[in-house]
Amino acid sequence: MIDKKGMKQMKFKIGVIRGDGIGPEIVAEALKVMNKVAEKYAEEFEYEEILLGGASIDVHGKPLTEEALAAAKSCDAVLMGSIGGDTNTSPWYKLPADLRPEAGLLAIRKGLGLFANMRPAYLYEELKDACPLRDDIIGDGFDLVVMRELTGGLYFGARKTEEKDGVLEATDTLCYNENEIRRIAIRAFDIAMKRRKKVTSVDKANVLDSSRLWRKVVNEVAADYPEVTLEHMLVDNCAMQLVRDPKQFDVILTENMFGDILSDEASMVTGSIGMLSSASLKEGTFGLYEPSHGSAPDIAGKNLANPIATILSAAMLLRYSLNMDAAADDVERAVKEVLQVGYRTGDIMSEGMKEVGTSQMGDRIAERI
Ligand code: NAD
């Protein structure tokens, strides 16, 4: 790695959170792929193991320690599997809410100041049958990302429930300041520059003041990115357009609650949860990368989990945190090739394909890097 002054830099330090359930299995496969990337591009990755969730509860009695958070902060990026157990049977769920696995996940996101969540929705030609949309709508596929604001808006505003004249009334507050909008808009435009250079900013500016401010600030940020095409879309229209013509989107930029709903809708139209990666970002290049799915305790330890979402999360880490675009392209191409030649884990299996386990899928992808 050469820095801006032309000096050879130190190796990249990558935090590794294996987590619970299928987490350790899928992370092992992503690291196989990362190691092949390191070899091919003559880079050095130093891995720092970090405990989170149930794995941390078992050792330290809590889902995230100060030391673990400090370790994550010291890394260039963090790759995570998934955390949590069977919520009906695992002893972790007999603990108070703030000591359960998921509390660790919220705490690490907050502690790292991750304010932007990026979820790609990409439809693989080979998995078209899993897509609930009609063939004429899918065409030759779609490739979009939802950039969702993660630490502001309705989910973080003041709330109360009170009784007025014998009638219960509940209030939630939707508040954004211009700095919160600007920093995620910048992130979204930066990402668009690495993609097809189009941003669709989604709001409800015909009704909400917070949306009118959102639109104003996004327009200001857009002025610094003349190569990127910006359009504004109302959220109700966007929900409709995602199933009418998903091909029109590249980067969808939106606030917390709209993004919560739209990112689930976007991922559903791709059909398979085992394929979907995600990133949580802040200013600069640091990010936490993880699959969109959970720890799947029902199939843990059986070599049945699909590692592709985690491998594609590693590709995002290469692209957005380490600026290794060619390596990220390589990983994404390897995944495509493996699907093309017919390898499938159980969750994406269809007639005539070759069923493989978690580790075999990782091997097939790694050997194509
Ligand atoms: P889940 O995503 O773990 O599983 C839902 C279904 O999808 C299950 O049938 C599972 O077997 C299947 N599945 C998920 N990932 C798969 C993969 N890679 N390959 C093949 N099949 C896969 O959701 P859940 O069952 O609601 O939650 C299980 C646990 O995961 C809970 O403790 C929950 O809190 C936790 N969780 C963690 C995260 C995270 O770490 N970010 C996210 C969601 C849920």
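Participant: Hey, could you run me through the environment of Ala 266 in this one?
Facilitator: By secondary structure assignment, the location of Ala 266 is in helix α9 (residues 256-268). It is 8.3 Å that separates the C-alpha atoms of Ala 266 and Pro 246, two residues lying 20 residues apart in sequence. In this structure, Ala 266 is in contact with Ala 121, Leu 144, Val 146 and Leu 242, ignoring residues within four places of it in sequence.

Participant: Help me out: how do you make sense of the site of the ligand in this one?
Facilitator: Lining the immediate environment of the ligand, one finds 20 residues, of which Gly 85, Glu 102, Gly 294, Ala 296 and Asn 306 sit closest. Measuring from an oxygen atom of the ligand, one finds a backbone N or O atom of Ser 295 at 3.0 Å. Contact distances for the ligand include 2.8 Å between an oxygen atom and a backbone N or O atom of Ala 296. Protein contact buries 69% of the 810 Å² of open area that the ligand shows by itself. Elements with a contribution of two residues or more to the shell around the ligand: β3 (77-82) and α4 (101-111). Its residues assigned to classes, the shell around the ligand shows nine nonpolar, seven polar and four charged.

Participant: It is not clear to me how the nonpolar core should be interpreted in this structure. Could you clarify?
Facilitator: Generally speaking, soluble globular proteins have nonpolar side chains that are buried together. Formed by 67 residues in total, the largest nonpolar core has its most connected members in Phe 45, Met 118, Met 147, Leu 253, Tyr 289, Leu 318 and Ile 365. For this core, the leading source of residues is helix α10 (residues 308-321), giving nine residues. Once residues within four sequence positions are removed from consideration, Leu 318 is found in contact with Met 34, Val 37, Phe 45, Asn 323, Met 324, Ala 327, Ala 328 and Val 331.

Participant: Looking at this model, I keep getting lost on helix α1 (residues 23-41). Mind explaining?
Facilitator: Given 3.6 residues per turn, any residue in an α-helix points the same way as the ones three and four places further on. Taking 1.5 Å per residue as the helical rise, α1 with its 19 residues ought to reach 27 Å, and the 27 Å between its terminal C-alpha atoms agrees with that figure. The set of residues buried in α1 consists of Gly 23, Glu 25, Ile 26, Val 27, Glu 29, Ala 30, Leu 31, Val 33, Met 34, Val 37 and Ala 38. After α1 finishes, the residue Ala 42 shows a positive phi value of roughly 50°.

Participant: Sorry, what's going on with the pairing of strand β5 (residues 143-149) here?
Facilitator: For a regular strand, side-chain orientation follows a simple rule: the groups alternate between the two sheet faces. Burial analysis of β5 places six of its seven residues in the buried class, the great majority of the element. Where strand β4 (residues 116-122) lies against β5, seven bridges are found, and the strand directions are antiparallel. Note on β5: the bridge partner recorded for Pro 120 is Val 145. Here β5 pairs with strand β10 (residues 251-254) via four bridges, running parallel. For Arg 148, the partnering residue across the bridge sits in β10 and is Thr 254.

Participant: Help me out: how do you make sense of the sheet that holds strand β12 (residues 287-291) in this one?
Facilitator: Adjacent strands of a sheet form backbone hydrogen bonds with each other and so pair up, either parallel or antiparallel. Taken in spatial order, the ten strands line up as β2-β1-β3-β12-β11-β4-β5-β10-β8-β9 in an open sheet, and their pairing is mixed. Every other strand in the sheet has two partners, leaving β2 (45-49) and β9 (229-234) as the edge strands with one partner each. Neighbouring strand axes in the sheet, compared pairwise and without regard to direction, differ in orientation by 25° on average. Bridge count between β4 and strand β11 (residues 277-281): three bridges; the pairing is antiparallel. The residue bridging Ala 116 from the neighbouring strand is Leu 281, located in β11.

Participant: Sorry, what's going on with the packing of α1 against α10 here?
Facilitator: Geometry of a packed helix pair, given as the angle between the helix axes and the separation of the axes. Put simply, α1 and α10 touch, their axes get as near as 8 Å, and they point 40° apart. Taken together, α1 and α10 sit at an angle that is classed as oblique. The interaxial crossing formed by α1 with α10 has right-handed handedness. Residues Ile 26, Val 27, Glu 29, Ala 30, Val 33, Met 34 and Val 37 of α1 form the contact with α10, whose participating residues are Thr 310, Ile 311, Ala 314, Leu 317 and Leu 318. Here the contact of α1 with α10 is built from residues that sort into ten nonpolar, one polar and one charged.

Participant: It is not clear to me how unusual backbone geometry should be interpreted in this structure. Could you clarify?
Facilitator: Excluding glycine, a negative phi dihedral is what most residues carry, and trans is how most peptide bonds are arranged. You will see that Lys 197, though not glycine, has its phi angle at about 65°, which is positive. Within the fold, Lys 197 resides in the loop between α6 (178-193) and β8 (198-203). On the basis of relative accessibility, which here comes to 26%, the residue Lys 197 falls in the partly exposed class.

Quick notes on the rules
- Residues numbered from 1 in each chain as written.
- Predicted model: local features only at pLDDT ≥ 70, side-chain atom pairs only at ≥ 80, totals over all residues.
- Heavy atoms only, no water.
- Helix = DSSP H or I, 4+ residues; strand = E, 2+ residues; numbered from the N terminus.
- Contact = heavy atoms within 4.5 Å.
- Near = heavy atom within 4 Å.
- Polar contact = N/O pair within 3.5 Å; in protein donor to acceptor, adjacent residues only side chain to side chain.
- Areas by Shrake-Rupley, 256 points an atom, 1.4 Å probe, with all protein chains shown as cover.
- Nonpolar A, V, L, I, M, F, W, Y, C, P; charged D, E, K, R; others polar.
- Core = buried A, V, L, I, M, F, W, Y, C linked by side-chain atoms within 4.5 Å.
- Buried < 20%, exposed > 50% of the residue type's maximum accessible area, 1.4 Å probe, protein only.
- Expected span 1.5 Å × (residues − 1).
- Pairing = 2+ DSSP bridges.
- Axes fitted to C-alpha atoms, helices over the stretch in contact; angles between N-to-C directions.
- Parallel < 35°, antiparallel > 145°, perpendicular 65-115°, else oblique.
- Left-handed = near helix turned anticlockwise from the far one by under 90°.

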